[in-house]
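The lines below spell out each chain.
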Amino acid sequence: MTRYFLTTAIDYVNSRPHLGTAYEKVCADVIARYKRLRGFETRFLMGNDEHSQNVYKAALEQRLDPLAYCDRMEEEFRKTWARLDISFDDFIRTTEPRHRIGVTHLAQRIYDAGDIYEGVYEGWYCVSCEEFKQEKDLVDGRCPLHPTLTPEWITEKNYFFRLSKYQQPLLDHFAAHPEFLQPDIRRNEILRLIEGGLTDISVSRAGQSWGIPLPFDPGSVVYVWFDALINYASAVGLGGDGPLFERWWPANLHVIGKDITRFHTVIWPAMLMAARIPLPKQVFGHGFMTLNGQRMSKTLGTIIDPIALADRFGPTGHDPLRLYLVKEVVFGSDGDFAWERYDDRYNADLANNLGNLVSRVSAMAHRYRGGRLAPAAAGSDQLTRLAEQVVADYQRAMDGLSLHEGAAAAYRLIDGTNEFIAATAPWTLAKDASAADRLTQVLFDAAEAIRLAAVLLEPIMPASCREILRRVGAPVERLHFERDGCWRNSGERTLVQEGPLWPRKEHTTVTDNQTKPEGVPPAAGAPALVPETPVKAPDPATVPGAPGVPPAAAVAERISIDDFMKVELRTAKVLAAERVPKSKRLLKLQVDAGTEHRTLVAGIAEAYEPEALIGRTVVIVFNLKPATLMGIESNGMVLAASPEGGKPIVVGFDDPPPPGSRVR
Ligand SMILES: [Zn+2]
């Protein structure tokens, strides 16, 4: 079996995990799960970076032993990763013995090779960055990242790594392995940097106790950056467990943030070259997440706790978050998070689209076929061809780490299935006895397309996709892409009809300044920067008649134009429709009225199958007072003609205008 070893950056434990750290872990987890789906023996490593002077100081400030402080932070990180369903196989802490063994081993090997030498460092040092700074790096004598701190002038004995010697070997490696650093934009930056010449770097600090001592001079500890990079190799037994190291090294992929690309693609490979250890196959430098277009900042109170994001959508709310991060951000580019967009994407991609599709197909399977489906004919050409194309596109995208394109491919199949249902109109076929086999096959095809889409989305939304597979009657203990990732026109399936997978999130009115509480830090543990605001109720108006009930017979008395203009009629697009239980006449509709989404009840169930209404543009009385019908609050009324003795006919358009258009 082919092996795949991937890692993320290890995290500094002097602050809790936030959306930025979570983004990296989610993307790496999607890659790990995809590799497992493809049958690779996968090892996914994460961990914490603990040998930082800032960690040491933070611990002392809290009167804690540094290790006890790190233990406490490890719990925070593990709790977050569990909530986001991150499936790491190994978690390393740089204070563990296995890491000390690896660091000691590598430092000695490089020293023995003659590439670590003693010298004196004299210059500026930013304690917060834990980095030496050159004069040209400072702005008005201060670190640009920490303008409130005064850099320290340091003169100390240091050991230096002969990085300058590796300029040409690195250029050769980049030329021979264009895939080594992705995406391309990062490779170009780093190539320019290497071509500009490399200077030797300090790899030790003198006179400190928090860190791993240099084997050839125990009075110095290994500089934290040098120490941290080695975790990838020490986790698989460098210097300690030979067979484990042989089995897993070199790593296939390091997933890291773009700000530390230089460490991972210049210093780290040079260290390995000096020690004559094979280099990792690939480094991927992802972009940063912003909040409403702004850099996340502790001082602005714009740090988001990923647990709050997952909690927004309930127990499996991590899946909507994972989908957002993967589908809405081009992997490798910067991405933005905004609460409104988060809700919108949830409603659009999950509640209205995939979730609704699963509900509709299982509802129709139950109504027309008692929930059991087996192929009755050849599968739909249209859907099978689309599925083949989608699977090929998905595989190419995921193999190339184009995660957003992988997600988009799966969604093309979901969209295609919705179109297929609209075009084949099972509710019409159901009325035609001679179309019985055709109806069975249409429903089977739709369920099969959902099954396949769930297989493709499983690395992104593992828990939800397993639930979808159960509902379409195709649960699997362990998915295998070769077996499960292709179209099947075989087998009987029993579909499960249960409540919505993703209940709609009611539209919340969010103003821009509510999302940016500049200077106002959020309350501790606040789940969101945005307060929940209820749907704004329409202004009371004096319109007679109950919602959903056709208006009373025409009145003889004429009204003025002003009277008429009090009635706000608007177009609305039907997003979801279902029968109201225990009512023959009523349908519950979810509509997009342009500025907001509404729930309303309409007395048209005798004339319309719910499925036939989805996607249609109707006209509603927008400013009608809410009324409760059969326990459901109806916000508006659907206009319909009421021919004498006939069934109601919903008002429609030849060429539907956008939702929210005024009708007068
Ligand atoms: Zn700094």
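Residues numbered from 1 in each chain as written. Predicted model: local features only at pLDDT ≥ 70, side-chain atom pairs only at ≥ 80, totals over all residues. Heavy atoms only, no water.

Draft legend 1. View of the overall build of the protein chain. Helix and strand counts for the protein chain come out as 22 helices and 29 strands. By residue count, 55% of the 664 residues in the protein chain fall in the buried class. By sequence separation, contacts in the protein chain at least 24 residues apart represent 75% of the contacts at least 6 residues apart. When the accessible surface of the protein chain is totalled, it reaches about 28900 Å², and 52% of it is carbon and sulfur. Positive and negative side-chain charges in the protein chain, numbering 76 and 85 respectively, have mean positions lying 4 Å apart. (Helix = DSSP H or I, 4+ residues; strand = E, 2+ residues; numbered from the N terminus. Buried < 20%, exposed > 50% of the residue type's maximum accessible area, 1.4 Å probe, protein only. Contact = heavy atoms within 4.5 Å. Areas by Shrake-Rupley, 256 points an atom, 1.4 Å probe, with all protein chains shown as cover. Lys, Arg positive; Asp, Glu negative; His and termini not counted. Charge placed at Lys NZ, Arg CZ, Asp CG, Glu CD.)

Draft legend 2. Inspection of the coordination of the zinc ion at higher detail. Taken together, the protein donors to the zinc ion comprise Cys126 (SG), Cys129 (SG), Cys143 (SG) and His146 (ND1), at separations of 2.1 to 2.3 Å. Coordination at the zinc ion is tetrahedral: its four donor atoms span angles of 103 to 115° at the metal. Of note, the donors binding the zinc ion are all from one chain and are spaced C-x2-C-x13-C-x2-H. One end of the pair, Cys126, is in strand S5 (residues 116–126); the other, His146, is in the loop between strand S6 (131–133) and strand S7 (152–161), and 20 residues separate them in sequence. (Donors = N, O, S within 2.8 Å, 3.2 Å for Na, K, Ca; no water. Tetrahedral: all angles 85-135°; square planar, octahedral: opposite > 155°, others 65-115°.)

Draft legend 3. Representation of the packing of aromatic side chains in the model. Taken as a whole, this structure holds 30 aromatic pairs when the rule is applied. Their ring planes at 40° and their centres at 5.9 Å tell us that Phe132 and Tyr223 sit as a pair that is tilted. With Phe132 in strand S6 and Tyr223 in the loop between strand S12 (217–222) and helix H7 (224–229), the pair connects residues that are 91 residues apart, well separated along the chain. The burial state of Phe132 is the same as that of Tyr223; both residues are buried. Their ring planes at 20° and their centres at 6.2 Å tell us that Tyr394 and Phe481 sit as a pair that is stacked. (Phe/Tyr/Trp six-rings, centres within 6.5 Å; stacked < 30°, edge-to-face > 60°.)

Draft legend 4. View of the pairing of strand S3 (residues 41–49). Within S3, eight of the nine residues are buried, which leaves the element mostly enclosed by the surrounding structure. With five bridges joining them, strand S1 (residues 3–8) and S3 adopt parallel strand pairing. Following the sheet pairing, Phe5 is matched in S3 by Arg43. Looking at chain direction, strand S2 (residues 11–12) and S3 are connected through two bridges and run parallel. Considered in S3, the bridge of Tyr12 is made with Asp49. Bridging between S3 and strand S4 (residues 90–93) involves four bridges; their strand directions are parallel. Looking at the pairing, Asn48 lines up with Arg93 of S4. (Pairing = 2+ DSSP bridges.)

Draft legend 5. Local environment of the sheet that holds strand S16 (residues 294–295). Taken in spatial order, the three strands line up as S16-S15-S17 in an open sheet, and their pairing is mixed. Of all strands in the sheet, those bounded by a partner on one side alone are S16 and strand S17 (335–337). Here strand S15 (residues 289–291) runs beside S17; their pairing, made up of three bridges, is parallel. Bridge pairing in S17 links Leu291 to Phe337.

Draft legend 6. Seen up close, the pattern of salt bridges. Tallying each qualifying case throughout the model produces 49 salt bridges. Between Glu492 and Arg372 there is a salt bridge whose closest N-O contact spans 2.9 Å. One end of the pair, Glu492, is in the loop between helix H19 (481–484) and strand S19 (493–494); the other, Arg372, is in strand S18 (residues 372–373), with 120 residues separating them in the sequence. Between Arg470 and Glu467 there is a salt bridge, with the nearest N and O atoms lying 2.9 Å from each other. Of this pair, Arg470 and Glu467 are both found in helix H18 (residues 462–471), three residues apart, which corresponds to roughly one turn of the helix. We classify Arg470 as partly exposed; its relative accessible area is 32%. (Salt bridge = Lys/Arg side-chain N within 4 Å of Asp/Glu carboxyl O.)

Draft legend 7. Structural context of the nonpolar core. Ile31, Tyr69, Phe337, Leu354, Leu457 and Met461 are the most contacted members of the largest nonpolar core, which has 107 residues in total. Counting residues per element, this core draws most heavily on helix H17 (residues 436–457), at 14 residues. Non-local contacts of Leu354, meaning those with residues more than four positions away in its chain, are made with Asp349, Tyr411, Ile414, Leu457, Met461, Ile468 and Trp502. Counting 64 residues, the second-largest nonpolar core is a separate cluster that includes Ile10, Tyr166, Ile260 and Leu279. (Core = buried A, V, L, I, M, F, W, Y, C linked by side-chain atoms within 4.5 Å.)

Draft legend 8. Representation of the packing of helix H13 (residues 339–369) against helix H15 (residues 403–424) within the structure. Contact geometry for H13 and H15: axes closest at 11 Å, N-to-C directions at 50°. Classified by the angle between their axes, H13 and H15 sit oblique to one another. Relative to H15, the crossing made by H13 is left-handed. Along its contact with H13, which presents Asp349, Leu350, Asn353, Leu354, Leu357, Arg360, Val361 and Met364, the element H15 presents Tyr411, Ile414, Asp415, Thr417, Asn418 and Ile421. The class makeup of the residues in the contact of H13 with H15 is eight nonpolar, three polar and three charged. (Axes fitted to C-alpha atoms, helices over the stretch in contact; angles between N-to-C directions. Parallel < 35°, antiparallel > 145°, perpendicular 65-115°, else oblique. Left-handed = near helix turned anticlockwise from the far one by under 90°. Nonpolar A, V, L, I, M, F, W, Y, C, P; charged D, E, K, R; others polar.)

Draft legend 9. Molecular detail of the packing of helix H6 (residues 184–195) against helix H10 (residues 261–274). Two elements in contact, H6 and H10, have axes separated by 11 Å at closest approach and are oriented at 50°. As the angle between them shows, H6 and H10 are arranged oblique. In this structure, the crossing between H6 and H10 has a hand that is right-handed. Residues Arg186, Ile190, Leu193 and Ile194 of H6 form the contact with H10, whose participating residues are Thr261, Arg262, Thr265 and Val266.

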